[in-house]
Amino acid sequence: MKSIEELKAIREKARAQMNIREENEDGNIRVVVGMATCGIAAGARPVLNAFVDEIAKRGLHHVFVAQTGCIGLCQFEPIVEVMVPGREKVTYCKMTPEKAVRVVTDHIVNGQPVAEYTIGEATK
Amino acid sequence: MRELSLNILDIAQNSVSAGASRIEIEVQEDTAAKTLRIRIADNGCGMSEETVRRVQDPFYTTRTTRKVGMGIPLFKMAAEMTGGSFSIDSEVGKGTTVTALFRTDSIDFTPLGDAESSVCALVTMNENINIVYIRRLDENIFIFSSDEIKQVLEGVPLNEPSVVQWLGEYLAEHAKALFVGNAPENQGGQSEA
């Protein structure tokens, strides 16, 4: 069973990495998941968890996951926005945990947005 | 909503919007009485009597960009269709408590689902709010408070990926332990009052 002692060890490890993070604050990537009633009902929670898991697995300390409300495109939920500094924001729609993993590998790690999951593609 | 745990996540977002600094989520299962009670209490801005009445109408929302607000009506419906009950107690400046009682033997009962996953999402996304989670199964109890975790973390953020993973597993394991009848020591929680 997970213990508080274990958390203390995680804290020490995280601290060391936080110093690195603070130095390149401008290079931080933001992943924003829509978590209003519409997003949650459409399955935003497992999508959020998939992003957090994949980012943790890969040790991507410059990537932050946040949540937002309803942006009025409920039929496209779960919606995820990926903001890479210096690049145009990419909006993904009808996300699933599987798609989330691919967005992390292709877009966040390799810098290639997954065009087929974007809202532009869905509204064609 | 496919799981009541998603309603919990949704309703708790209202508490976040209400500017709460403390949100208490209690999930209480009584196997003998065949009931499940979910209570979400906050110390946010609260609502007037008139507003409390209106939020139960799906065609009311505080938002100005659209005309529908489904969160509260969906949760209320989920409770009432099992033969249970639903109530909102609120006072302006004091906070709001939403309570839903479900009859678990009703054919219309929506499963609770993964409540800990909702709590984990709330905790990690709201660093500045103390999220208290109380899970009861008959006499067994698990109490969690995010403020106590923050004390251990000494400034390391709750949304640090390795912390999120630990938290998810910590919550899931302790809640699961209630069901096998060996409730663990509440290392991260308060002792029962």
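Quantities reported herein were computed from a predicted structural model and do not represent experimental measurements.

Rules and cut-offs
Residues numbered from 1 in each chain as written. Chains lettered and ligands numbered in written order. Predicted model: local features only at pLDDT ≥ 70, side-chain atom pairs only at ≥ 80, totals over all residues. Helix = DSSP H or I, 4+ residues; strand = E, 2+ residues; numbered from the N terminus. Rg over C-alpha atoms; globule rule 2.2 N^0.38 Å. Buried ≥ 20, exposed ≤ 12 C-beta atoms within 10 Å, placed from the backbone. Contact = placed C-beta atoms within 7 Å. Expected span 1.5 Å × (residues − 1). Pairing = 2+ DSSP bridges. Axes fitted to C-alpha atoms, helices over the stretch in contact; angles between N-to-C directions. Nonpolar A, V, L, I, M, F, W, Y, C, P; charged D, E, K, R; others polar. pLDDT = per-residue confidence, 0-100.

Asks: Hey, could you run me through the overall build of chain B in this one?
Replies: Looking only at helices and strands, chain B features six helices and six strands. Shown N-terminal to C-terminal, the secondary structure of chain B runs as helices and strands in the order α-β-β-α-α-β-β-α-β-β-α-α. Against the globule reference of 16 Å for 193 residues, chain B gives a C-alpha radius of gyration of 17 Å, in line with a compact fold. Dimensions of chain B, computed from C-alpha atoms along their principal axes, come out at roughly 45 × 40 × 30 Å. Counting across all 193 residues of chain B, residues that qualify as buried make up 41%.

Asks: Please clarify how the overall build of chain A should be interpreted in this entry.
Replies: From N to C terminus, chain A includes five helices and four strands. Beginning at the N terminus, the succession of helices and strands in chain A can be written as α-β-α-α-β-β-β-α-α. Counting the 124 residues in chain A, one finds 35% classified as buried. Considering only contacts within chain A whose residues lie at least 6 apart along the sequence, 68% involve residues at least 24 apart.

Asks: Got a minute to help me understand helix H1 (residues 4–17) of chain B in this structure?
Replies: Residues three or four positions apart in an α-helix share a direction because the helix packs 3.6 residues into each turn. Residue and element names in this part refer to chain B. The terminal C-alpha atoms of H1 lie 20 Å apart, and with 14 residues this matches the ideal 20 Å at 1.5 Å per residue to within 8%. Burial within H1 is extensive, with 13 of its 14 residues counted as buried. Among the residues trailing H1, Gly 19 stands out with phi positive, at a value near 75°.

Asks: Help me understand the sheet that holds strand E1 (residues 22–30) of chain B, please; the structure alone is not making it clear to me.
Replies: The strands making up a sheet are joined through hydrogen bonds of the backbone, oriented either antiparallel or parallel. All names here are of chain B. Strand order in the open sheet made by the six strands is E3-E4-E2-E1-E5-E6, with mixed pairing throughout. Of all the strands in the sheet, just strand E3 (85–91) and strand E6 (140–145) have a single pairing partner and so form its edges. Averaged over all neighbouring strand pairs, the angle between strand axes comes to 10°, with direction disregarded. Here H1 sits on the sheet and contacts E1, strand E2 (35–42) and strand E4 (95–103); the angle it forms with E2, its principal contact strand, is near 20°.

Asks: Please clarify how the interface of chain B and chain A should be interpreted in this entry.
Replies: Many analyses report the size of an interface as the accessible area lost when the parts associate. Contacts between the two partners involve 31 residues from chain B and, on the opposite side, 27 residues from chain A. When residues in the side of chain B that touches chain A are grouped by element, the largest group, nine residues, is from helix H6 (residues 161–179) of chain B. Of the residues in the side of chain B that touches chain A, the class split is 15 nonpolar, 10 polar and six charged.

Asks: Explain the confidence of the model for chain B here, please?
Replies: Detailed reading of the predicted model is not advised wherever pLDDT is low. The pLDDT averaged across chain B works out to 89; a share of 90% of its residues lies at or above 70. Note that residues 186–193 of chain B has pLDDT below 50 and, in this model, 19 contacts with residues that lie over four places away or in other chains.

Asks: Which parts of the structure should I look at to understand the environment of Val 92 of chain B?
Replies: All names here are of chain B. With respect to the helices and strands, Val 92 occurs in the loop between E3 and E4. With 37 residues separating them in the primary sequence, Val 92 and Val 55 have C-alpha atoms 15 Å apart. Contact partners of Val 92, with chain neighbours within four places excluded, come to Gly 46, Met 47 and Ser 48.

Asks: Explain the environment of Arg 87 of chain A to me, please; I cannot follow it from the model alone.
Replies: Its location among the elements puts Arg 87 of chain A in the loop between strand E3 (80–83) and strand E4 (90–92). The sequence separation of Arg 87 of chain A and Gly 111 of chain A amounts to 24 residues, and the corresponding C-alpha distance is 10.0 Å.

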